[in-house]
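# Analysis of the macromolecular model
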Amino acid sequence: MGGPLGAIIGRFPTAGMDGDSQMDGGIIRHNRKCKDLAFLFIFIAFWVAMIVNSSFGFNQGNPLRLKYGLDYEGNICGDRHGTRDLRELEVKYYMNPNQVYQSGTKDSQFNLADAKTICLMECPLPAEDGVNFVCDYPEGDIHLSTDDWIDRDYDYFEFLTPEMRNTSLQLQGPCYPVIFPSVNVFWSCQYIARASNSSLKHWQQMGGVVIDENIIIDKTIHKAINSPSAVLKRYVADIGKSWPVLIVCGWMLPLFLSVIWLLMIRYFVAGMTWVTIVLFNVLIISVTMFYYIKAGWIGNDPLTVVIGTSDPYVNITGREISHLRAITILMTIVMIIAFLTSLAIARRIFIATSVLKVAAKVIGEVQALIIFPILPYFILAIFYLFWFSATLHLFSSGQVLRNDCNANCCSYDLKLNKVSCDNCCGYSVHYTPHIGISILFHLFGCYWATQFILASSSTVIAGSVASYYWARGEISPEIPFLPVFASLKRLTRYSLGSVAVGSLVVSVVESIRFILDSLRRRLKYVDATSENFMGRMVSSSSHCCLSGIDWTLRSVNRNAYIMIAITGKSFFKASSIATGLIMNNILRIGKVNVIGDVILFLGKLCVSLFCALFAFLMLDTYKYKSAHNKISSPLFPVLVCWVLGYIVATLFFAVVEMSIDTIILSFCQDAEEHQGNAQYAPPLLMETLDGSGPGEMQRLTQGP
């Protein structure tokens, strides 16, 4: 076991002390050495790479690309920094309806991305009597300012020369007829395949070419707007648009709720287990009901993909609605399982209450533990501000390049004052493979950095609580002044490398699990695999094994951090010591550890669910349902608020969680050094562990 811990962290006589375990006049050993330095250097190098990777995104990215489309010149709608000032022109409009139709036909070599598009303030509508036109940006012989062009509803057909009018009637511009109504679907005008009879009649009387009225014209634009890549971009853009919600519901609210929960544990511990369980069920039901409302299954306020007003008889759906309904079904299943689980653990509540009383005693003695999590909280806040900003730029860091097309099309060029067939191809945002690698690296960096900060916080708490235990649970002159900051000093001086390797192991395993899960989902679409029993069995087995390994690693890591705080040993040596202690005392500590962890997990979910519920309420206001700030779906912002709320809750709940685990591990070592009779355990802990007797303990650990 590496020597008695009493000689390392507490002052009491022991025959097992050796030369390496001598004290330096304090309750915590000072003659430590830096451990796992190689992994600390790897972590530092990784951070340098993160900064370089993010700088690439800041240099190449433009978050407006996630929200708005491109016009035929490659300008981003709504952007004032392109070749044109388009700050008020945010809606992408397809000018030539025949190009839209042609791109949707089978075996066509013409792509929708090459259709002529311009940026408007809003989608145009056909005239009730006559024909409205949408004309190209005014330049050349068209002596109109952009403001005058907008005021004229983009129509200067009456100013065209006879040649220009003739090319316009051939659908070659510079003016194009508005035959089909259109609606603003996520900043692109989607045609409705219901041509205006009056406009079409006047167009034919003017000698215009035949315009195809097939429903393909509707489906083609909808398919482009609804593509997986377009939906993903809108989800990422939603995070940028809802940043006030993230600040309130992802940072301020969980901080307040977590501190309140800790204070209630300190002063109202007897009823906190019941409060936590009841509140958890109320919150998960409330969040599920909000999903039902937005999915359109309850009430009259479903999610809509249309920006602004539209014809109530026109029903346009999108992937966002399908995703929301899938999550609603999933939340319903989770809600039912959660309610049944709450009933199942109701009989074990008194055990959890006893465990929380031990933690409350520690918090009462080492009061700095309540405010310490604020330090890693602000570190995480700064990191996430940087990370989210870099994420928006990385996802939009592709290059705007002209498409390589073989289409045969011509349009009137106002600069050249003639019809040109040289600039037929449109523009698209092109993503190279290294951008995908950069995004994956960025995501992995977020996970590793988060795990590192959480692990560092847990190690500091463990070192503080260990001082309390080995002082016989009382305030003693031997306990360092402000033990939390003394523990923080030991961590930063000796054990950052050990924390780095522990967080790296969890991050790597979790990443492998994510990759394999993604492959497993993709293989479901392959008929051969779906019919192969061995394929399904291997897939399910690998998923279960990786889930088990991930859970085991998290548990081992948490106990390893405790032993790192107590002994100052390397990560792998501390893991070995912690695992040995737990295996030797599994029956004795199992009943309190499992139930205590369940209650703490429900407490974290209460905080995160409350954040998700409040995020739903904020996103349901007019600000996020119309105009510029309209989000495509509340799914991603709510999910991010839930994750951030859970992370913040984990930071603060670690005070209770690590207090319990540190006390229990210290108790196990204490009992092992003293022939089964712990000498330094607080009386309350002894009552919790041994007060029930062997028969009751067996009943509690094995069930009825």
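Residue positions are given per chain, counting from 1 as you read along its sequence in written order. Only residues with pLDDT of at least 70 get local features here, since the model is predicted, and only at 80 or more are side-chain atom pairs given and counted; chain-wide, interface and lining totals rely on the full set of residues. Remark: hydrogens and water are excluded; side-chain values derive from all non-hydrogen atoms of the structure.

Here we take up the overall build of the protein. A count of helical and extended segments in the protein gives 24 helices and 10 strands. Every one of the 704 residues in the protein was classed for burial, and the buried ones make up 55%. Put simply, of all contacts in the protein between residues at least 6 apart along the chain, 76% involve residues at least 24 apart. In these tables, accessible area is a Shrake-Rupley quantity obtained with a 1.4 Å probe, and a residue counts as shielded only by the protein chains included in the view. Per element, the accessible surface of the protein, about 32000 Å² overall, is 61% carbon and sulfur. Secondary structure counts use DSSP, requiring at least four H or I residues in a row for a helix and at least two E residues in a row for a strand, with both numbered from the N terminus. Exposure classes here rest on a 1.4 Å probe applied to the protein chains alone. A residue is buried below 20% of its type maximum, exposed above 50%, and partly exposed in between. Residue contacts are counted whenever heavy atoms from the two residues lie within 4.5 Å of one another.

A few words now on the state of the cysteines. Note on disulfides: each one is a pair of cysteine sulfur atoms within 2.5 Å. Applying the stated criterion to the full structure yields 3 disulfides. Shown here is the disulfide that connects Cys123 with Cys189, its sulfur atoms set 2.1 Å apart. Its S-S torsion of approximately -105° makes the covalent link between Cys123 and Cys189 left-handed. Of the two residues, Cys123 sits in the loop between strand 2 (117–120) and strand 3 (133–135) while Cys189 sits in strand 6 (residues 188–191), which places them 66 residues apart along the sequence. As far as the burial class goes, Cys123 and Cys189 line up, both buried. The side chain of Cys135 participates in a disulfide bridge whose partner is Cys175; the two sulfur atoms lie 1.9 Å from each other. On the sign convention where negative means left-handed, the S-S torsion of about 105° between Cys135 and Cys175 marks this disulfide as right-handed. You can see Cys135 sitting in strand 3 and its partner Cys175 sitting in strand 4 (residues 175–177), a full 40 residues away along the chain.

Let's shift gears to the confidence of the model for the protein. One number per residue, pLDDT, summarises how confident the predictor is, and it ranges from 0 to 100. Here the protein averages 80 in pLDDT, and 83% of its residues register 70 or above. Below pLDDT 50 for its whole length, residues 1–28 participates in 64 contacts with residues either more than four positions away or in separate chains. Considering only residues more than four positions removed or in separate chains, one finds that residues 527–531, a stretch of pLDDT under 50, has 5 contacts.

The subject of this paragraph is the packing of helix 10 (residues 243–267) against helix 22 (residues 635–673). Working note: a packed helix pair is described by the angle between its axes plus the distance between those axes. A fitted line through C-alpha atoms represents every axis, and for helices the fit uses only the stretch in contact; the resulting angles, taken between N-to-C directions, go from 0 to 180 degrees. For the pair helix 10 and helix 22, the least separation of the axes is 8 Å and the interaxial angle reads 30°. Compared by their axis directions, helix 10 and helix 22 come out roughly parallel. As helix 10 runs across helix 22, the sense of the crossing is right-handed. Facing Val245, Leu246, Cys249, Gly250, Trp251, Pro254, Leu255, Ser258, Val259, Trp261, Leu262 and Ile265 of helix 10, the residues of helix 22 in contact are Pro637, Val640, Cys641, Leu644, Gly645, Val648, Ala649, Phe652, Phe653, Val655 and Val656. Any angle from 65 to 115 degrees is called roughly perpendicular, while one under 35 is roughly parallel, one over 145 is roughly antiparallel, and all others are oblique. Two helices that cross are described as forming a left-handed crossing if the nearer one is turned anticlockwise from the farther one by less than a right angle, and a right-handed crossing if clockwise.

This part is about the pairing of strand 6. Alternating positions in strand 6 separate into two faces, Ser188 and Gln190 on one and Cys189 and Tyr191 on the other, with burial throughout. Alignment of strand 5 (residues 182–185) against strand 6, held across 4 bridges, turns out to be antiparallel. Directly across from Ser182, in strand 6, lies its bridge partner Tyr191. In this scheme, strands are said to pair when DSSP sees at least two bridges between them.

Attention shifts here to a nonpolar patch on the surface. A grouping of Phe256, Ile260, Leu263, Tyr267, Phe268, Val275 and Leu279 is seen on the molecular surface, where their side chains present a nonpolar patch of about 670 Å² in accessible area. Only helix 10 and helix 11 (269–294) provide two or more residues apiece to the nonpolar patch. Sorting elements by how many residues they give to the nonpolar patch places helix 10 first, with 4 residues. Locating Val275 in the fold gives a position in helix 11. By relative accessible area, Val275 is classed as partly exposed at 34%. A patch consists of residues whose relative accessible area exceeds 30% and which take part in no salt bridge; residues with like charges are grouped when within 9 Å of each other, and nonpolar side chains (Val, Leu, Ile, Met, Phe, Trp, Tyr) when within 5 Å. For this document, the term salt bridge refers to a Lys or Arg side-chain nitrogen within 4 Å of an Asp or Glu carboxyl oxygen.

For the peptide bond that leads from Gly173 to Pro174, omega is 10°, which places it in the cis range. In this structure, Asp153 is a non-glycine residue whose phi angle is positive, near 60°. Note on placement: Asp153 falls in the loop between helix 5 (146–151) and helix 6 (162–169). At Tyr154, a residue that is not glycine, the phi angle is positive and equals roughly 65°. Looking at the element boundaries, Tyr154 is found in the loop between helix 5 and helix 6.

This next bit is on the side chain of Ser411. With respect to the helices and strands, the residue Ser411 is situated in strand 8 (residues 411–413). Its relative accessible area of 18% is what places Ser411 among the buried residues. Not counting chain neighbours up to four residues away, the residues in contact with Ser411 comprise Lys116, Gln172, Tyr176, Lys418, Val419 and Ser420.

Turning our eyes to something else, we now look at the packing of aromatic side chains. Classification of ring pairs rests on two measures: the distance between centres of Phe, Tyr or Trp rings, Trp counted by its six-membered ring, which must be within 6.5 Å, and the angle between planes, read as stacked under 30 degrees, edge-to-face over 60 and tilted in between. Taken as a whole and assessed by the stated rule, the structure comprises 32 aromatic pairs. When the centroid spacing of 5.8 Å and the interplanar angle of 45° are considered together, the rings of Phe180 and Tyr191 count as tilted. Of the two residues, Phe180 sits in the loop between strand 4 and strand 5 while Tyr191 sits in strand 6, which places them 11 residues apart along the sequence. Pair check on accessibility: Phe180 and Tyr191 agree, each one buried. Residues Phe290 and Phe616 carry aromatic rings whose centres are separated by 5.2 Å and whose planes lie at 15° to one another, so their mutual orientation is stacked. One end of the pair, Phe290, is in helix 11; the other, Phe616, is in helix 21 (residues 586–619), and 326 residues separate them in sequence. In this structure an aromatic cluster arises from ring pairing among Trp47, Trp251, Tyr377, Phe378, Phe383, Tyr384, Trp387, Phe388 and Phe652. In this scheme, the term charge over a ring applies when either NZ of a lysine or CZ of an arginine sits within 6 Å of the ring centre and within 35 degrees of the ring normal. A cation sits over an aromatic face here: Lys116 above Tyr72, 4.5 Å from the ring centre.

This paragraph deals with the packing of helix 9 (residues 228–241) against helix 22. With their axes 8 Å apart at the nearest point, helix 9 and helix 22 run at an angle of 60° to one another. Between helix 9 and helix 22, the crossing angle belongs to the class labelled oblique. Judged by the twist between their axes, the crossing of helix 9 over helix 22 is right-handed. In this structure, helix 9 contributes Tyr235, Asp238 and Ile239 to the contact, and helix 22 contributes Leu635, Phe636, Pro637 and Val640. Charged means Asp, Glu, Lys or Arg here, nonpolar means Ala, Val, Leu, Ile, Met, Phe, Trp, Tyr, Cys or Pro, and polar covers whatever is left, Gly included. The residue inventory of the contact of helix 9 with helix 22, partitioned by class, reads 6 nonpolar, no polar and 1 charged.

This part takes up the pattern of salt bridges. Taken as a whole and assessed by the stated rule, the structure comprises 12 salt bridges. Salt-bridge contacts for Lys116 lead to Asp136; the nearest nitrogen and oxygen are separated by 3.3 Å. Separated by 20 residues along the polypeptide, Lys116 in the loop between helix 4 (97–104) and strand 2 and Asp136 in the loop between strand 3 and helix 5 bring together distant segments of the chain. A relative accessible area of 2% places Asp136 in the buried class. Three or more residues are tied together by salt bridges with common partners; here these are Arg558, Lys604, Glu657 and Asp661.

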